[in-house]
Each structure stands twice: as C-alpha cells, then as structure tokens.
Amino acid sequence: VYWPLFVLIFYFICPIPHFIARRVSDDSDAASSACRELAYFFTTGIVVSAFGFPIILARVEAIKWGACGLVLAGNAVIFLTILGFFLVFGRGDDFSWEQW
C-alpha cells in the first residue's frame, strides 16, 4: 500500500511559504512582518496536515496503524531536519552559505 507516500508532497511544499516571504519582505531590521507571519501560518498548516494525513488514512483503514506510526516518526525526523536547516543556514552572517 503506497498511500503514505503522498506525505512526500508536504515535505516539498513546506519551505515554499518561507522562501516566498523571504523574497518579498527585505526589511531585516523589523522583528516581525505580516508577510513572514502569514508564511509561518501556512507552514504550520502544512506541517499539521502532514501529521494528520496518515492518521486519517489509518482511521479509514487504508493503512495499518503500524504504518501510521512509522510515517509519523518519519514526519518528525524530516520536519526537524528542515527546521534545523533553516536555523543554521537561514541567518545572514558574515560567513554564510547563502552566497553559494
């Protein structure tokens, strides 16, 4: 059963609102902007949907609960990796990887 693989779509669209907000709002001196807050809201919705999708699949018995647990564990690992990437490489330091 390959239904849990549809969660890969959420992995790919998760950073898109952040990229759009970074491109649109260049005011780095402001603590928070409406565009950035909207990007956080959409990203949160995508992450919650990624965790809810396998639970719904398990509830309608399209997949087994063991597979649901494995997908949820994978979601936690992937989204923590994405968060770590943005925390480490998202800053504008003197030495940054953004220029590559």
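- The name recorded for the protein in an unreviewed UniProt entry is Leptin receptor gene-related protein, from Pachyramphus minor.
- Its UniProt record, at the heading Sequence similarities (unreviewed entry), says of the protein: "Belongs to the OB-RGRP/VPS55 family."

1. Here's the deal with the environment of Arg 22
1) Next: Tracing the sequence through the fold places Arg 22 in helix H2 (residues 16–24).
2) Next: Overall, the relative accessible area of 36% leaves Arg 22 in the partly exposed class.
3) Next: In the structure, Arg 22 is positioned 17 residues away from Ala 39 in sequence and 9.2 Å away in space, judged by C-alpha atoms.

2. Some details on the nonpolar core
1) Next: Counting ten residues, the largest nonpolar core consists of Val 7, Phe 10, Tyr 11, Cys 14, Ile 46, Ala 50, Val 71, Phe 79, Ile 82 and Phe 86.
2) Next: Those elements that provide at least two residues to this core are helix H1 (8–13), helix H3 (34–59) and helix H4 (65–89).
3) Next: When residues of this core are assigned to their parent elements, the largest contribution, four residues, is made by H4.
4) Next: Here Phe 10 is in contact with Ile 46, Ser 49, Ala 50, Phe 53 and Phe 79, once residues within four sequence places are set aside.

3. Let's talk about the UniProt feature "transmembrane region" (unreviewed entry) in the protein
1) Next: Under the UniProt annotation, "transmembrane region" (unreviewed entry) lies at residues 6–25, 37–57 and 63–89.
2) Next: Note that residues 6–25 is 75% helix and 0% strand, and that its end C-alpha atoms are spaced 31 Å apart.
3) Next: Counting secondary structure, residues 63–89 comes out at 93% helix and 0% strand; the distance between its end C-alpha atoms is 36 Å.

4. Re the packing of H2 against H3
To describe two helices that pack against each other, one gives the angle between their axes and the distance between the axes.
1) Next: In contact at an axis separation of 8 Å, H2 and H3 are set at 175° when each is read in the N-to-C sense. The angle between H2 and H3 falls in the class roughly antiparallel. Between H2 and H3, the contacting residues are Pro 17, His 18, Ala 21 and Val 24 on the first element and Cys 35, Arg 36, Ala 39, Phe 42, Thr 43 and Ile 46 on the second.
2) Next: Considered class by class, the residues forming the contact of H2 with H3 number seven nonpolar, two polar and one charged.

5. Observations regarding H4
1) Next: With 25 residues, H4 extends 36 Å between its outermost C-alpha atoms, agreeing within 8% with the 36 Å of an ideal straight helix rising 1.5 Å per residue.
2) Next: Along H4, the residues that are buried comprise Cys 68, Val 71, Asn 75, Phe 79, Ile 82 and Phe 86.
3) Next: The inward-facing, buried residues of H4 contact H1, H2 and H3.

6. Focus: the packing of H3 against H4
1) Next: Where H3 meets H4, the closest approach of the two axes is 9 Å, and the angle between their N-to-C directions is 170°. Looking at the two axes, H3 sits roughly antiparallel to H4. Here H3 contributes Val 47, Ala 50, Phe 51, Pro 54, Ile 55, Ala 58 and Arg 59 to the contact with H4, which in turn contributes Trp 65, Cys 68, Val 71, Leu 72, Asn 75, Ala 76 and Phe 79.
2) Next: For the contact of H3 with H4, the per-class residue count stands at twelve nonpolar, one polar and one charged.

7. Structural notes on a nonpolar patch on the surface
1) Next: On the surface, Val 1, Tyr 2, Trp 3, Leu 5, Phe 6, Leu 8, Ile 9, Phe 12, Ile 13, Ile 16, Ile 20 and Val 24 cluster together into a nonpolar patch covering about 1,300 Å² of accessible area.
2) Next: The set of elements that each furnish at least two residues to the nonpolar patch consists of H1 and H2.
3) Next: Take the nonpolar patch: its biggest share by element is four residues, from H1.
4) Next: Within the secondary structure, Ile 13 is located in helix H1.

Conventions used here
- Residues numbered from 1 in each chain as written.
- Predicted model: local features only at pLDDT ≥ 70, side-chain atom pairs only at ≥ 80, totals over all residues.
- Heavy atoms only, no water.
- UniProt positions renumbered as here; feature names shortened; annotations may be inferred.
- Helix = DSSP H or I, 4+ residues; strand = E, 2+ residues; numbered from the N terminus.
- Buried < 20%, exposed > 50% of the residue type's maximum accessible area, 1.4 Å probe, protein only.
- Core = buried A, V, L, I, M, F, W, Y, C linked by side-chain atoms within 4.5 Å.
- Contact = heavy atoms within 4.5 Å.
- Axes fitted to C-alpha atoms, helices over the stretch in contact; angles between N-to-C directions.
- Parallel < 35°, antiparallel > 145°, perpendicular 65-115°, else oblique.
- Nonpolar A, V, L, I, M, F, W, Y, C, P; charged D, E, K, R; others polar.
- Expected span 1.5 Å × (residues − 1).
- Patch = residues over 30% accessible without salt bridge, like charges linked within 9 Å, V, L, I, M, F, W, Y side chains within 5 Å.
- Areas by Shrake-Rupley, 256 points an atom, 1.4 Å probe, with all protein chains shown as cover.
- Salt bridge = Lys/Arg side-chain N within 4 Å of Asp/Glu carboxyl O.

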